[in-house]
Amino acid sequence: MIKQDTIIALATPSGAGAIAVIRLSGKDAISIAEKQFKSVSDKLLSKQKTHTIHLGHLVDDSITLDEVLVSVFKNPNSYTGEDVVEISCHGSNYIQQEIIQLFLRKGCRMADAGEFTLRAFLNGKLDLSQAEAVADLIASDNAASHQIAMQQMRGGFSSEIAKLREELLNFASLIELELDFAEEDVEFADRTQFKELIERINFVLKRLIDSFAVGNVIKHGIPVAIVGEPNVGKSTLLNALLNEERAIVSEIAGTTRDTIEDEITIGGIGFRFIDTAGIRETKDVVERIGIKKTFEKIDQAQVVIYLFDATDFETESARFKVEIEKIKNKYPQKPLLIIANKVDKLDDVSTVNIKDEFKGIKLISAKNGVGVDDLKEALLSFVNTGALRNNDTIVTNSRHYDALLKAFGEIQKVKEGLETNLSGDLLAIDIRQALYHFGEITGEITNDDLLGNIFANFCIGK
Ligand SMILES: Nc1nc2c(c(=O)[nH]1)N(C=O)[C@@H](CNc1ccc(C(=O)N[C@@H](CCC(=O)O)C(=O)O)cc1)CN2
Ligand SMILES: Nc1nc2c(ncn2[C@@H]2O[C@H](COP(=O)(O)OP(=O)(O)OP(=O)(O)O)[C@@H](O)[C@H]2O)c(=O)[nH]1
Ligand SMILES: [Mg+2]
């Protein structure tokens, strides 16, 4: 259902600022605003061209609320596709609230979360995946997530899906046409060409589905678990990486009892570091719970940093190796960075010995920040950012991922059907299913529940 009532919301963050923007959208936006606006040159808003801006005062009966700039957008040429009025006022909390209250009394309704963008979608200004990208763009806090959201908002992903959908639709129509001529045994849809198309779709879908692993990582940050025995300097390393005193550090073993997480951006990619309680067999119940959590954190991490105290190396290296083997055995696929900490306390001979015994080990002094930049470089090298550089579409949205997996499943059926010369009517059913899932991504296929879920996660005013 397309509502046309006039909605209002603050478009800028709540709180005082230099300027705040209040946005109205709907069929009465211009007439409602016009009655409260005294232009400095006696202009009427309804007589103004679209995309024009006007200086004047907002008045509530005899009270002048503020000197403002008012922008007019006339349907269908606006963000929402409806008549839109934007008021740029002085950014006092009081003024913002008074203006909104005034317009609520004059016939506007407070907008729901995401309702401006929902209207843009319903009016065909954006498709669903573009609308979703608007929220991702607002949430983006690093170069990679920004680039992906921007590309998606501009329709990169949508047009890729729309192209596949259109080609597939063509074939579906031809095959369905054949069904009307069943007795004559004609073939409008060239099966060789069709096989080629299915192969191509298959290939694209596979790439998009695979890209989700990268997309997920970029959206949520790559989880990196910092593990090692008590007191080796895990929390000190976390603080050095974050460049702040995030975790408590002390000479007492077992200081960190719970896990601590925080995120930084390295080379445009978000990394989420997880400091854990030390791994060690222990009788202390609280510490033991922490150790269980350590393994849970390794489960969730994409990269593991195993830290040991370099000054214990000469006496304890055998035990470190056992610990490292344990992790390697339990998590054979996970990149594991082995790091010796506290090298500031190490003599040259031991330094050489450590490097000898642990190939590829990194030596750091977390306390003095030595080797931390090197470690960041090493972390970055684990991330496959090739897709980013190629400008390939990267899927970051789990709803899209789901739909792609389902489409992929249907395309496999079509492929099999073609190989076994399945009859046209059955082929057509599988093709229609695949088309359905493509349509879910861009929003050709949708329902109120789905839209409600998507836009409820937007902020009010977007
Ligand atoms: N002040 C303001 N800034 C904003 C927005 C806004 O709504 N208001 N945006 C919103 O979030 C973004 C910009 N997006 C926009 C997209 C389309 C149109 C628009 O008027 N489109 C018309 C006319 C295009 C034209 O000039 O030809 C159209 O599509 O028909 C406006 C803003 C970011 N900055
Ligand atoms: N000399 C030196 N001391 C360090 C270094 N890194 C950490 N320390 C010291 O080692 C002690 C333990 O550091 P933490 O960061 O609390 O160690 P942890 O691994 O988090 O310990 P738990 O939380 O108990 O498992 C503290 O006294 C730190 O100041 C380093 O690079 N050099
Ligand atoms: Mg700690």
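The rules behind these values
- Position numbers for residues start from 1 in each chain and track the written sequence from start to end.
- Each chain takes a letter, starting from A, and each ligand takes a number, starting from 1, following the order in which they are written.
- Reporting of local features is limited, given that this is a predicted model, to residues whose pLDDT is at least 70; pairs of side-chain atoms are given and counted only at 80 or more, and all residues count toward the totals for whole chains, interfaces and linings.
- For the side-chain quantities, the full set of heavy atoms in the structure was used; hydrogens and water were omitted.
- Runs of H or I in DSSP of at least four residues are treated as helices and runs of E of at least two as strands, each being numbered from the N terminus.
- Here's how the labels work: a residue is buried when its accessible area is under 20% of the maximum for its type, exposed when over 50%, partly exposed in between, all with a 1.4 Å probe on protein chains only.
- Distance and chemistry together define a polar contact, namely a pair of N or O atoms within 3.5 Å, with one atom able to donate a hydrogen and the other to accept it when in protein, and with adjacent residues in sequence counting only for side-chain atoms on both sides.
- Contacts were defined at the residue level, with two residues in contact if any of their heavy atoms lie within 4.5 Å.
- Throughout, near means a residue has at least one heavy atom within 4 Å of the molecule or strand.
- Here the Shrake-Rupley method, with its probe set to 1.4 Å, supplies the accessible areas, and only the displayed protein chains count as covering residues.
- Note on residue categories: nonpolar means Ala, Val, Leu, Ile, Met, Phe, Trp, Tyr, Cys or Pro, charged means Asp, Glu, Lys or Arg, and polar means any other residue, Gly included.
- Pairing of aromatic rings covers Phe, Tyr and Trp, the last counted by its six-membered ring, and requires centre-to-centre distances within 6.5 Å; plane angles under 30 degrees mean stacked, over 60 mean edge-to-face, and any other angle means tilted.
- Counting as a charge over the ring demands two things of the Lys NZ or Arg CZ atom: a distance within 6 Å of the ring centre and an angle within 35 degrees of the ring normal.
- In short, DSSP must find at least two bridges between two strands for them to pair.
- Between N-to-C directions, angles span 0 to 180 degrees; the directions come from axes that are lines fitted to C-alpha atoms, helices contributing only their stretch in contact.
- With water excluded from the atoms, a metal site may look incomplete; its donors are any N, O or S atoms within 2.8 Å, or within 3.2 Å for Na, K and Ca.
- In this description, a disulfide is simply a cysteine sulfur pair whose atoms lie within 2.5 Å.

Some details on the side chain of Thr6
Here Thr6 lies in the segment before strand 1 (7-10). Thr6 gets classed as buried once you look at its relative accessible area, which sits at 2%. There is a polar contact of 3.0 Å between the side chain of Thr6 and the backbone nitrogen of Asp28. Beyond its immediate chain neighbours, meaning those up to four positions away, Thr6 contacts Leu24, Ser25, Gly26, Lys27, Asp28, Ala29, Ile32, Gly107, Cys108 and Arg109.

Quick look at the site of ligand 2
The environment of ligand 2 is made up of 23 residues, and the closest members are Thr236, Gly254, Thr255, Thr256 and Asp344. If ligand 2 stood free it would expose 650 Å²; the protein chains cover 93% of that surface. The element that contributes the greatest number of residues to the shell around ligand 2 is helix 8 (residues 234-242), accounting for three residues. Counted by class, the shell around ligand 2 contains six nonpolar, eleven polar and six charged residues.

Here we look at the packing of aromatic side chains
Within this structure, the stated rule accounts for seven aromatic pairs. For the ring pair Phe271 and Phe273, a centre distance of 6.4 Å and an interplane angle of 20 degrees mean the geometry is stacked. Here Phe271 matches Phe273 in class, with each residue buried. A centroid spacing of 5.0 Å and a plane angle of 40 degrees characterise the contact between Phe455 and Phe458, whose relative ring orientation is tilted. The buried category is assigned to Phe458, whose relative accessible area is 8%. A connected cluster of aromatic rings, assembled from ring pairs, spans Phe308, Phe313, Phe320 and Phe358. Arg23 extends its terminal NZ or CZ atom over the ring of Phe116, reaching a point 4.5 Å from the ring centre. Over the face of the ring belonging to Phe358 we find Lys321, whose NZ or CZ atom lies 5.3 Å from the ring centre.

Here's the deal with the sheet that holds strand 1
What the seven strands build is an open sheet, ordered 3-4-5-6-2-1-7; its pairing is mixed. Two strands in the sheet have a free side with no partner beyond their single neighbour: strand 3 (37-39) and strand 7 (109-110). The pairing of strand 1 with strand 2 (residues 19-25) spans four bridges and is antiparallel. Residue pairing in the sheet places Leu10 in a bridge with Ile22 of strand 2. Together, strand 2, strand 3, strand 4 (52-60), strand 5 (63-73) and strand 6 (84-90) form the strand contacts of helix 1 (residues 29-36), whose direction differs from that of strand 3 by roughly 70 degrees.

Some details on the coordination of the magnesium ion (ligand 3)
Coordination of the magnesium ion (ligand 3) by the protein involves Ser235 (OG) and Thr256 (OG1), with metal-donor separations of 2.0 to 2.1 Å. You can see Ser235 sitting in helix 8 and its partner Thr256 sitting in the loop between helix 8 and strand 9 (260-266), a full 21 residues away along the chain. For Thr256, a relative accessible area of 13% translates into the label buried.

So, the state of the cysteines
With the rule as written, the count across this model stands at zero disulfides. Between Cys89, a cysteine without a disulfide, and Cys108, which holds the nearest cysteine sulfur, the sulfur-to-sulfur distance is 14 Å. Among the cysteines around Cys459, which has no disulfide bond, Cys89 carries the closest sulfur, lying 17 Å off. Judged by relative accessible area, Cys459 falls into the partly exposed class, the value being 42%.

Focus on the site of ligand 1
Taken together, Arg23, His51, Phe73, Pro76, Asn77, Ser78, Tyr79, Glu86, Lys125 and Lys462 make up the full set of residues near ligand 1. Between ligand 1 and Lys125, the relevant distance is 2.7 Å, taken from an oxygen atom to a side-chain nitrogen or oxygen of the residue. Here ligand 1 loses 46% of its free accessible area of 680 Å² to cover by the protein chains. The residue inventory of the shell around ligand 1, partitioned by class, reads three nonpolar, three polar and four charged.

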